[in-house]
Amino acid sequence: MKNIVLKVENVSKQYRLGVFGTGTLSHDLNRWWHLIRGKEDPYLKIGENNDRSSKGESEYVWALKDINFEVEQGEVLGVIGKNGAGKSTLLKLLSNVTSPSKGKITMKGRVASLLEVGTGFHPELTGRENVFLNGAILGMSKNETKTKIDDIVEFSGCERYIDTPVKRYSSGMKVRLAFAVAAFLEPEILIVDEVLAVGDAEFQKKAIGKMQDVSKQGGRTVLFVSHNMNAIKTLCTRCIVLKNGELVASGPADVMVQEYLNAEQKDLPMENSWDLAKAPGNDVVKVIGYKIYSGSDSGRIEVKEDLMIKIKFQNIQESANRRDVSLHVHNSDNILVCVLSSVFMEEGYSKKDISEIGFKLPKNEMNLGNYSCTLRIIESKANSSILKINDFIGFTVLASSSEVFYDIGGVYLPNFEILE
Amino acid sequence: MSEIRETVITPKKGLFELNLKQLWQYRDLLFQFVTRDVITIYKQTILGPLWYLIQPLFTSVIFTLIFNNIAGIQTGIVNAFLFNLAGIVVWNYFADCINGTADTFKKNENIFGKVYFPRLIMPLSVILSNLVKLAIQIIIFLCFYIFFFFKGEAGQLGWEIIYFPIVVFIMGFMGLGLGMIISSLTTKYRDLIFLVTFGVQLLMYLSAVMYPITLAQEKLPSQLASFVTYNPIAIVIDSLRKMTFFNGANFSIMDLVFPVTITLIVFVSGLLMFNKTEKSFIDTI
């Protein structure tokens, strides 16, 4: 039997952009005038899509628009989307911090939200005192906390510091303690937003394990927001994707993550060039263009074709030292697959002029999937790179359109043979 | 709290939808906040809670020097220092309550923005933790009272002192009510916040803290005199001194009906405004 613990119906949230000041008073008065006459709020009719980068006409935007979804008991629902897609606004509404402009949210049971490091920790109080305080903020009674304090302290791994004021804690320790309190509170619905990023690898693993326990054995529901697609894939059973305040897709987590990553990839063009004035870079070196293309130059990158990447750049300042260009190729799990670099060449690039470097990746080596490349320009005597652009370019390696190809997984696709 | 409770979140909230049951469920939190406030204020200080005493004592000494010695206000058979101390202790409670609650939303923006609990817990915890401070100050007042009693400068205690809890109630709830009104009005437009500290300070001079009301009626221009006469805080402070020092002379319980009524009106309006604001203030603060 389906047991719906969380139901979101037609929820929208409107925000006003800009600064509050004397000018906003007239809108408030107008709204108030409409309300006393029993009319609808005039400003709820207008408003634009929440696209962060485009310039808008209206002062009102919809941070969330007509969101509908349901969560069953015991489900772990992942929420993914770019920065500003409305994830945090959604969680804020769910944790009752602010109310929606329209729509209705129904929840069964206690809700505990863990929105940021040490929600409600008081710096002057000790860890133990804060556990009680935080427990109470999340709706736990003092006796309940008392029975669980040992488990909480043990899980957090902060035994030694527990009687020291929290202001002396590292940020990782605060997250550990805060997570432990929320997880052991055993709420019917646990809301976790991006907090785990601060903890170390060991703790992240532990926390993900705990969330799985909570949902599988405890029959609790978890809502999890993260940009870490691996964590989403391991933890979540289902996933919703938000884009510009609208729910664009929902379904099994791994499918959604893949689709989300594919969609994100499409935003990076295969070819680009810039004027020197607008080119990315700094006053030492600027990148003025690049091109990614396959052996057949069909606009698609396929497994069974060579892959070419060309980068055009200009040294603004000359250097006495050898300068080199490298591309760090990461896959969608953010694993470094390979580095393409000019260091093996006899000469680097140090002259003050426009240079072009091309790399060729032979066919049947890169596996299917999305890749993004970080561009680095390094100088032989300098310790760090003189230019580093994360996710500078990206490409998707697709299955061959003419031959049958199976996606067998793996970071790398060696050109292996089967022994007779 | 093991029963499954259902929460429904919808846009607007009616003016009179008070969730007192929920407030009761969170009573542990209220207690935690009070303890937190009391222990953290003077953490990392050497004198600790002694600071609770130093401030009213010094204020009282200064008032005695200026208002009684220089300006020559007469306090009758009662020692001027003791007379001022009584006024200052209860006035401080009122002032602390209003100052502590007037910026509730602004001060707790961080925690309110992250997690839900009945917002009313915050201002309530302020008036309760100030009550602890008041209790400590009353003890020091009693020490001085006994000292001056043996010197014969403490006047005469009236049985009417049993009404003292009403005095505390008025001071606390008046402060809370005004604080809630101000904090609700300042989430979007902050103009009023500039008035608070300064306004409270000015109000003190018109609240009979260091003089009896009768003196104000004699010496002040008539508008100001009637302001003092109808100022509920002034009435309460004056009544308190009548019961403590003057054997309840010229005091009747009916004097407190007017301040209690005003307090209730202010408190209820504050409560309703606060309740209305708490739902979406985080978007505008």
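Quick summary incoming for the structure in this document. (Residues numbered from 1 in each chain as written. Chains lettered and ligands numbered in written order. Predicted model: local features only at pLDDT ≥ 70, side-chain atom pairs only at ≥ 80, totals over all residues.)

Remarks on the sheet that holds strand 14 (residues 307-315) of chain A
Residue and element names in this part refer to chain A. For clarity, the cut-off: At least two bridges found by DSSP between two strands are what make those strands a pair. Here a strand is any run of E in DSSP of at least two residues, a helix any run of H or I of at least four, and the numbering for each starts at the N terminus. Note on definitions: angles span 0 to 180 degrees between N-to-C directions of axes, and those axes are lines fitted to C-alpha atoms, for helices only across the stretch in contact.
Taken together, four strands build an open sheet; the order of strands is 11-12-14-17 and the sheet is antiparallel. Edge positions in the sheet fall to strand 11 (271-273) and strand 17 (354-361), since each of these pairs with one other strand and no more. Here the strands of the sheet are splayed against their neighbours by 20 degrees on average, with no regard to which way each runs. Alignment of strand 11 against strand 12 (residues 285-294), held across three bridges, turns out to be antiparallel. In the sheet register, Asn 272 faces strand 12, and the bridge partner there is Tyr 290.

A few points about helix 12 (residues 232-245) of chain B
All names here are of chain B. The criterion, for reference: Take the number of residues in a helix, subtract one, and multiply by 1.5 Å to get its expected span. To sort residues by exposure, count the other C-beta atoms lying within 10 Å of each residue's C-beta; 20 or more gives buried, 12 or fewer gives exposed, and values between give partly exposed, all with C-beta atoms placed from the backbone.
The end-to-end C-alpha distance of helix 12, which contains 14 residues, comes to 20 Å, matching closely the 20 Å that a straight helix rising 1.5 Å per residue would cover. For helix 12, the tally of buried residues reaches 13 of 14 residues, placing the bulk of the element in the interior. In the stretch just after helix 12, Asn 247 is the one whose phi turns positive, near 55 degrees.

Topic: helix 6 (residues 201-216) of chain A
All names here are of chain A. Quick note on the threshold: Think of it as the arc spanned by the lines of direction from the helix axis to the C-beta atoms. Working definition of a contact: two residues with C-beta atoms, positioned from the backbone, lying within 7 Å.
Over its 16 residues, helix 6 extends 22 Å from the first C-alpha to the last, a length consistent with the 22 Å expected when each residue adds 1.5 Å. Of the residues making up helix 6, those classed as buried are Phe 203, Lys 206, Ala 207, Met 211, Val 214 and Ser 215. Looking down the long axis of helix 6, one finds its buried residues gathered within 165 degrees of arc, a one-sided arrangement. Those residues of helix 6 that are exposed and aimed more than 90 degrees away from the buried face are Ala 201, Glu 202, Gly 209, Asp 213 and Lys 216. The inward-facing, buried residues of helix 6 abut strand 4 (76-80), helix 5 (171-184), strand 7 (189-193), strand 8 (221-225) and helix 7 (229-235).

Some points on the packing of helix 4 (residues 80-102) of chain B against helix 8 (residues 164-185) of chain B
All names here are of chain B. Convention followed: Here is the rule for angles: anything less than 35 degrees is roughly parallel, anything more than 145 is roughly antiparallel, 65 through 115 is roughly perpendicular, and the remaining ranges are oblique. Left-handed describes a crossing whose near helix is turned anticlockwise from the far helix by less than a right angle; the clockwise case is right-handed.
At their nearest, the axes of helix 4 and helix 8 sit 7 Å apart, and the two run at 25 degrees to each other. The angle between helix 4 and helix 8 falls in the class roughly parallel. Once helix 4 is placed against helix 8, the crossing between them reads as right-handed. Here Val 90, Tyr 93, Phe 94, Cys 97, Ile 98, Gly 100, Thr 101 and Ala 102 of helix 4 lie close against helix 8, whose contacting residues are Val 167, Met 171, Gly 172, Met 174, Gly 175, Leu 176, Leu 178, Gly 179, Met 180, Ile 182 and Ser 183.

Considerations on the interface of chain B and chain A
The extent of an interface is frequently quoted as the accessible surface area lost upon association of the parts. The criterion, for reference: Under the scheme applied here, ten amino acids are nonpolar (Ala, Val, Leu, Ile, Met, Phe, Trp, Tyr, Cys and Pro), four are charged (Asp, Glu, Lys and Arg), and all others, including Gly, are polar.
In this assembly, 29 residues from chain B lie in contact with 35 residues from chain A. Elements supplying a minimum of two residues to the side of chain B that touches chain A: strand 1 (6-9), helix 2 (27-41) and helix 6 (109-112) of chain B. Counting residues per element, the side of chain B that touches chain A draws most heavily on helix 2 of chain B, which supplies five residues. Residues belonging to the side of chain B that touches chain A are distributed by class as follows: 13 nonpolar, seven polar and nine charged. Note that strand 5 (residues 102-108) of chain A and strand 1 of chain B share four bridges and pair antiparallel.

As for the environment of B:Pro259
Residue and element names in this part refer to chain B. Mapped onto the elements of the fold, Pro 259 is located in helix 13 (residues 257-277). Among the residues examined, Pro 259 registers 23 C-beta atoms within 10 Å and is labelled buried. Pro 259 sits 30 residues away from Thr 229 along the chain, and the two C-alpha atoms are 11 Å apart. Discounting chain neighbours no more than four positions away, the residues touching Pro 259 are Ile 170, Pro 232, Ile 235 and Val 236.

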